[in-house]
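# Understanding the architecture of this molecule
As a plain string of letters, each chain reads:
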Amino acid sequence: QVQLVESGGGSVQPGGSLRLSCAASVSIFSINAMGWYRQLPGKQRELVAAITRSLSTNYADSVKGRFTISRDNAKSTVYLQMNSLKPEDTAVYFCNANIVSRGTNGDDYWGQGTQVTVSS
């Protein structure tokens with residue numbers, strides 16, 4: 001019953017910006033953490049950025065200083081502002097949420113993925 005709806009992907013030139021959004025269908029009070037992962041062509045999925053219930057953040061070294069993760073509690077939505085994009089940022093980006101439900105400490109849920117392409 002949990003859904004993560006992603007938006008904001010697309011194609012940009014190097015140096016451009018995109019803003020990804022991910023809205024969860026549950027209350028923010030049920031969410032331990034939300035974040036973004038990406039899967040580069042021919043590579044395994046990797047963490048890009050995450051934000052916890054306490055608003056602490058974690059970024060991959062490759063995106064520090066360029067990407068910013070934030071959260072809107074009223075909308076149960078996480079955003080990823082991506083600036084100074086590079087061709088090596090090209091990947092499918094997946095939203096992730098760790099959600100508490102009855103009888104669980106927290107389970108991971110995933111969006112369907114949104115393509116980000118950075119090329120000249």
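First, a word on what this report is: a plain description of the structure on this page. (Residues numbered from 1 in each chain as written. Predicted model: local features only at pLDDT ≥ 70, side-chain atom pairs only at ≥ 80, totals over all residues. Heavy atoms only, no water.)

### Concerning the pairing of strand β7 (residues 67–72)
Our working definition: A strand pair is defined by DSSP finding two or more bridges across the two strands. Put simply, DSSP marks the helices as runs of H or I at least four residues long and the strands as runs of E at least two long, and each gets a number from the N terminus on.
In this sheet, strand β8 (residues 77–82) lies alongside β7 in antiparallel orientation, the contact comprising 6 bridges. Looking across to β8, one finds that Asp 72 is bridged to Thr 77. Between β7 and β8, which follow one another and run antiparallel, lie 4 residues, and Ser 76 among them has a positive phi close to 50°.

### Some points on the state of the cysteines
This is how it is decided: To count as a disulfide, a pair of cysteine sulfur atoms needs to be within 2.5 Å. A simple rule labels every residue: compare its accessible area, found with a 1.4 Å probe on the protein chains alone, to the largest value its type can have, and call it buried under 20%, exposed over 50%, or partly exposed in between.
Overall, the coordinates contain 1 disulfide when judged by the stated rule. In this model Cys 22 forms its disulfide with Cys 95; the gap between the sulfur atoms is 2.0 Å. Classification of the bridge connecting Cys 22 and Cys 95 rests on its S-S torsion, roughly -85°, and on that basis the disulfide is left-handed. In this pair, Cys 22 is assigned in strand β3 (residues 18–24) and Cys 95 in strand β9 (residues 91–99), connecting sequence segments 73 residues apart. With a relative accessible area of 0%, Cys 95 lands in the buried category.

### Let's talk about the packing of aromatic side chains
Note the cut-off: Centres within 6.5 Å make a pair out of two Phe, Tyr or Trp rings, where for Trp the six-membered ring is used; the pair is then stacked when the planes are under 30 degrees apart, edge-to-face when over 60, and tilted otherwise. Counting as a charge over the ring demands two things of the Lys NZ or Arg CZ atom: a distance within 6 Å of the ring centre and an angle within 35 degrees of the ring normal.
The full count for this structure, using the stated rule, is 1 aromatic pair. Taking the centre distance of 5.1 Å and the plane angle of 65° together, the rings of Tyr 37 and Trp 110 count as edge-to-face. Here Tyr 37, found in strand β4 (residues 31–39), pairs with Trp 110, found in strand β10 (residues 107–110); they are 73 residues apart in sequence, far enough to count as distant. A cation over a ring is seen here: Arg 19 above Tyr 79, with NZ or CZ 4.0 Å from the ring centre. When the ring centre of Phe 94 is taken as reference, the NZ or CZ atom of Arg 45 above it lies at 3.8 Å.

### A few points about the pairing of β8
Within β8, 5 of the 6 residues are buried, leaving the element largely enclosed by the surrounding structure. Sheet topology note: the β3/β8 ladder contains 6 bridges and is antiparallel. Bridge pairing links Ala 23 to Thr 77 in β8.

### Brief notes about the environment of Ala 49
Just so we agree on the cut-off: The criterion used for residue contact is that any of the two residues' heavy atoms lie within 4.5 Å.
Along the chain, Ala 49 falls in strand β5 (residues 46–52). We classify Ala 49 as buried; its relative accessible area is 0%. Along the chain, Ala 49 and Ser 76 lie 27 residues apart, while their C-alpha atoms are 17 Å from each other. Look past the residues within four positions of Ala 49 in its chain and what remains in contact with it is Gly 35, Trp 36, Asn 58, Tyr 59, Ile 69 and Leu 80.

In short, the description is geometric, and any link to function would need to be established separately.
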